[in-house]
Amino acid sequence: MRNRISSILLIVTFALSAIAHYMKWDSILQFVISAISVIFVAGFLGKATENVAHYAGQRLGGFLNATFGNAAELIIAIFLVKEGLFDMVKASLTGSIIGNLLLVLGLSIFAGGLKFKIQNYNVSLAGLNGSLMIVAIIALFIPAVFLNTHSITQQDTNTLSLIVAGLLIVAYIAWLLFSMVTHKKYLADVTVDEDEELPHEHAPEWSKKKSILYLVLATVMVAFVSEWLVGTLEVFTERFGLSELFVGAFLVAIIGNAAEHSAAIMLAMKNKIGAAVEIAVGSSLQIALFVAPVLIFVSYFTGRTMDIVFTTIELVAIGVSVFIAKSITQDGSTNWYEGLLLLVVYIILGVSFFLV
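Residues numbered from 1 in each chain as written. Predicted model: local features only at pLDDT ≥ 70, side-chain atom pairs only at ≥ 80, totals over all residues. Heavy atoms only, no water.

- Naming follows an unreviewed UniProt entry, where the protein appears as Ca(2+)/H(+) antiporter of Paenibacillus amylolyticus.
- The annotation that UniProt attaches to the protein under Subcellular location (unreviewed entry) is "Endomembrane system".
- The protein has a UniProt comment under Sequence similarities (unreviewed entry) that states "Belongs to the Ca(2+):cation antiporter (CaCA) (TC 2.A.19) family." (UniProt positions renumbered as here; feature names shortened; annotations may be inferred.)

Here it is in structure tokens:
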């Protein structure tokens, strides 16, 4: 019954969003309907990914969950790049990173901690994740420092951005090779019993072929509804007097993170905190090391290169998020209070961005 209601709401909100877009309804109404539709479509995407993960295994499953969970944000960002809204793109990337590290991870640790006093996961994986997050900060920090302290031409800035973007993509591909091939067992979840079926893998609702088909369908739906949502952002921002920074960093990021929210929290409440951390932290790493660099190259091929220079506010927000997330996750164990601390930092940043 619950699944049937979800399916009906998914179809109805998607259809309404399409009608609102093509019938040229009021932009604010279009934004609201599209935002609601994105949440349901992201939920469908998360469910499809979870079913595919059952057949792929936990490590690959966690990667797929993070990847397709980021599909909404990537597609929204590509449309923003085509519109030339580079500031909003960078704000949405910032929001995705801090949203995953503080909101998704914080809610997961908090919810899991309320049910289980202490939850443990692979310490080596936690340490490597922390190192990768610091590399991402360095890659974003250096271009901003050089641009603000030296006279660098726009051409040189674009060249530096493309080189850094290329190196980050290489580092991310190498990380996938390291974590899923050469050192797969070394980074395995400490809570997993090889002979025990994972709770989130229990009784998949769909067959393997149907799961893959629905995954493709959900991604296509995300692409359409994302384009409709982006088309209303400028009017929405102007109508309510909001900054592009706040809209990109919080509204767009929260809507785009819907799939990861539900999947990570559910896993944490089933005492699979390792998988939850894999989704939340892995998703942030994917945004910083892969999605952002890919968008640089996408903008280059559209004829107007977006540089990788983030504002001081964005860099501070990302730096603070990485610092607290690394501090909390590096020991390989979590509790509800640590989750609460992450949420507190997220709220502080949210209020600050709103007042900018």
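### Some thoughts on the side chain of Thr94
Then step 1. Take Thr94: it is sitting in helix 5 (residues 86-115).
Then step 2. In this structure Thr94 comes out as buried when scored by relative accessible area, which is 0%.
Then step 3. Only 2.9 Å separates the side chain of Thr94 from the backbone oxygen of Lys90, close enough to count as a polar contact.
Then step 4. In contact with Thr94, not counting residues within four places along its chain, are Phe310, Glu314, Ala317 and Ile318. (Helix = DSSP H or I, 4+ residues; strand = E, 2+ residues; numbered from the N terminus. Buried < 20%, exposed > 50% of the residue type's maximum accessible area, 1.4 Å probe, protein only. Polar contact = N/O pair within 3.5 Å; in protein donor to acceptor, adjacent residues only side chain to side chain. Contact = heavy atoms within 4.5 Å.)

### Concerning the environment of Ile308
Then step 1. By the element assignment, Ile308 lies in the loop between helix 11 (273-301) and helix 12 (312-329).
Then step 2. Taking the relative accessible area as the measure of exposure, Ile308 reaches 2% and is therefore buried.
Then step 3. Residues Ile308 and Ala292 lie 16 residues apart in sequence; the distance between their C-alpha atoms is 8.1 Å.
Then step 4. When sequence neighbours within four positions are dropped, the list of residues in contact with Ile308 reads Leu140, Pro143, Ser161, Val164, Leu168 and Ile296.

### Overview of the environment of Ile76
Then step 1. Positionally, Ile76 belongs in helix 4 (residues 71-82).
Then step 2. When the C-alpha atoms of Ile76 and Val89 are compared, they prove to be 8.7 Å apart, with 13 residues separating the residues in sequence.
Then step 3. Excluding residues that lie within four positions of it along the chain, Ile76 makes contacts with Ser226, Leu229, Val230 and Val252.

### Observations regarding the nonpolar core
Then step 1. Within the largest apolar cluster, 107 residues are counted, with the highest numbers of intra-cluster contacts made by Leu80, Val89, Leu93, Ile98, Leu102, Phe250 and Leu295.
Then step 2. For this core, the element with the highest residue contribution is helix 11, accounting for 15 residues.
Then step 3. Among residues more than four places away in sequence, those in contact with Ile98 are Leu103, Phe250, Ala317, Ile318, Ser321, Tyr346 and Leu349. (Core = buried A, V, L, I, M, F, W, Y, C linked by side-chain atoms within 4.5 Å.)

### Some remarks on the pattern of salt bridges
Then step 1. In this structure the tally under the stated criterion is 2 salt bridges.
Then step 2. Linking Asp26 and Arg239 is a salt bridge whose minimum nitrogen-to-oxygen distance equals 3.7 Å. In this pair, Asp26 is assigned in the loop between helix 1 (2-22) and helix 2 (27-56) and Arg239 in helix 8 (residues 208-239), connecting sequence segments 213 residues apart.
Then step 3. On the basis of relative accessibility, which here comes to 41%, the residue Asp26 falls in the partly exposed class.
Then step 4. Taking the shortest distance from any N to any O, the salt bridge between Lys90 and Asp307 comes out at 2.5 Å. (Salt bridge = Lys/Arg side-chain N within 4 Å of Asp/Glu carboxyl O.)

### Points about a negative patch on the surface
Then step 1. Taken together, Glu83, Glu227, Glu234 and Glu238 make up a surface patch of like negative charges.
Then step 2. Its place among the elements puts Glu83 in the loop between helix 4 and helix 5.
Then step 3. Residue classification places Glu83 among the exposed residues on the basis of a relative accessible area of 54%. (Patch = residues over 30% accessible without salt bridge, like charges linked within 9 Å, V, L, I, M, F, W, Y side chains within 5 Å. Areas by Shrake-Rupley, 256 points an atom, 1.4 Å probe, with all protein chains shown as cover. Lys, Arg positive; Asp, Glu negative; His and termini not counted. Charge placed at Lys NZ, Arg CZ, Asp CG, Glu CD.)

### Details of the packing of aromatic side chains
The geometry of an aromatic ring pair is captured by two quantities: the separation of the ring centres and the angle between the planes.
Then step 1. Under the counting rule described, the total for this entry stands at 17 aromatic pairs.
Then step 2. For the ring pair Phe224 and Trp228, a centre distance of 6.0 Å and an interplane angle of 45° mean the geometry is tilted. Residue Phe224 and its partner Trp228 are located together in helix 8, separated by 4 residues, close to a single helical turn.
Then step 3. According to the relative accessible area criterion, Phe224 is partly exposed, its value standing at 39%.
Then step 4. For the ring pair Phe250 and Phe353, a centre distance of 5.3 Å and an interplane angle of 70° mean the geometry is edge-to-face. Of the two residues, Phe250 sits in helix 9 (residues 244-256) while Phe353 sits in helix 13 (residues 336-355), which places them 103 residues apart along the sequence. By the burial criterion, Phe250 is buried, and Phe353 matches it. (Phe/Tyr/Trp six-rings, centres within 6.5 Å; stacked < 30°, edge-to-face > 60°.)

### Thoughts on a nonpolar patch on the surface
Then step 1. On the surface, Ile8, Val12, Leu16, Ile19, Met23, Trp25 and Leu29 cluster together into a nonpolar patch covering about 610 Å² of accessible area.
Then step 2. With 4 residues, the single largest contributor to the nonpolar patch is helix 1.
Then step 3. Positionally, Met23 belongs in the loop between helix 1 and helix 2.
Then step 4. For Met23, a relative accessible area of 58% translates into the label exposed.

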